[in-house]
Amino acid sequence: MTTIEADELLPGEKIRQAVIAGDVTQLHRGDKHASEGDRFEIDDVIFEVTTVREERLGDMTDEDARAEGSPNLEAYKKRIERTHDTTWDDDDTAVLHRFEKVG
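Sequence order as written defines the numbering, with residues in each chain counted from 1. Reporting of local features is limited, given that this is a predicted model, to residues whose pLDDT is at least 70; pairs of side-chain atoms are given and counted only at 80 or more, and all residues count toward the totals for whole chains, interfaces and linings. Based on all heavy atoms of the structure, the side-chain values leave hydrogens and waters out of the count.

1. A closer look at the nonpolar core
In globular proteins that are soluble, nonpolar side chains generally tend to be buried together. Nonpolar cores were defined as sets of buried Ala, Val, Leu, Ile, Met, Phe, Trp, Tyr and Cys residues, with membership established by side-chain atoms within 4.5 Å. Burial classes: relative accessible area under 20% of the type maximum marks a residue as buried, over 50% as exposed, and values in between as partly exposed (1.4 Å probe, protein chains only). Grouped together as the largest cluster of nonpolar side chains are 17 residues, with contacts concentrated most on Leu 9, Leu 10, Val 19, Phe 40, Ile 42 and Phe 99. In this text, helices come from DSSP runs of H or I with a minimum length of four residues, and strands from runs of E with a minimum of two, each type numbered from the N-terminal end. Contributing elements (two or more residues each) for this core: helix H1 (6-9), helix H2 (13-21), strand E2 (39-42), strand E3 (45-56) and strand E4 (93-101). By residue number, the principal contributor to this core is E3, which donates four residues. Contacts: residue pairs with any heavy atoms within 4.5 Å of one another. If near-sequence neighbours (up to four positions away) are discounted, Leu 10 is found in contact with Ile 15, Arg 16, Val 19, Leu 27, Arg 29, Phe 40, Ile 42 and Phe 99. Among the nonpolar cores identified, the runner-up in size contains eight residues, and Ala 65, Tyr 76, Ile 80 and Trp 88 belong to it.

2. Structural notes on the layout of surface pockets
In this structure, the largest pocket occupies an estimated 680 Å³ of space. The definitions used throughout rest on a 1 Å grid laid over the protein atoms alone, on which a cavity is an enclosed set of points accommodating a 1.4 Å probe that cannot get out and a pocket is an open set flanked by protein within 12 Å on both sides along at least five of seven lines; lining residues are those having an atom within 4 Å of a point. Taken together, 25 residues make up the lining of the largest pocket; nearest its centre are His 28, Arg 79, Ile 80, Thr 83 and His 84. Breaking the lining of the largest pocket down by element, the ones donating at least two residues are H2, strand E1 (26-29), helix H4 (73-84) and E4. Ranked by residues supplied to the lining of the largest pocket, first place goes to H4 with six residues. Partitioned by chemical class, the residues of the lining of the largest pocket number ten nonpolar, eight polar and seven charged. Grid points are joined across faces, edges and corners, and a volume is the space filled by probe spheres set on the points. Residues were grouped as follows: Ala, Val, Leu, Ile, Met, Phe, Trp, Tyr, Cys and Pro as nonpolar; Asp, Glu, Lys and Arg as charged; and all remaining residues, including Gly, as polar.

Rendered as structure tokens:
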């Protein structure tokens, strides 16, 4: 088990607060930012990374979008396009980082 800084995986304070609130339980990133078993802490709450794997964007579901704080996949796609100034491509890949509260 390795301890990582929360901001290595979760790039913004808004996202970190959504994790604390339980509204975000996973995050897709362009690159791998953690390994399974890594732990991080936000406001004295410890989280463990449970899943890390590369996925095709076209395989994402509404459930994935909700786990990342969006109401559905369509809203998630629009958010990603807006925040990353890009066009969604189902064939692109991203690295899924799923985590859960452990203490």
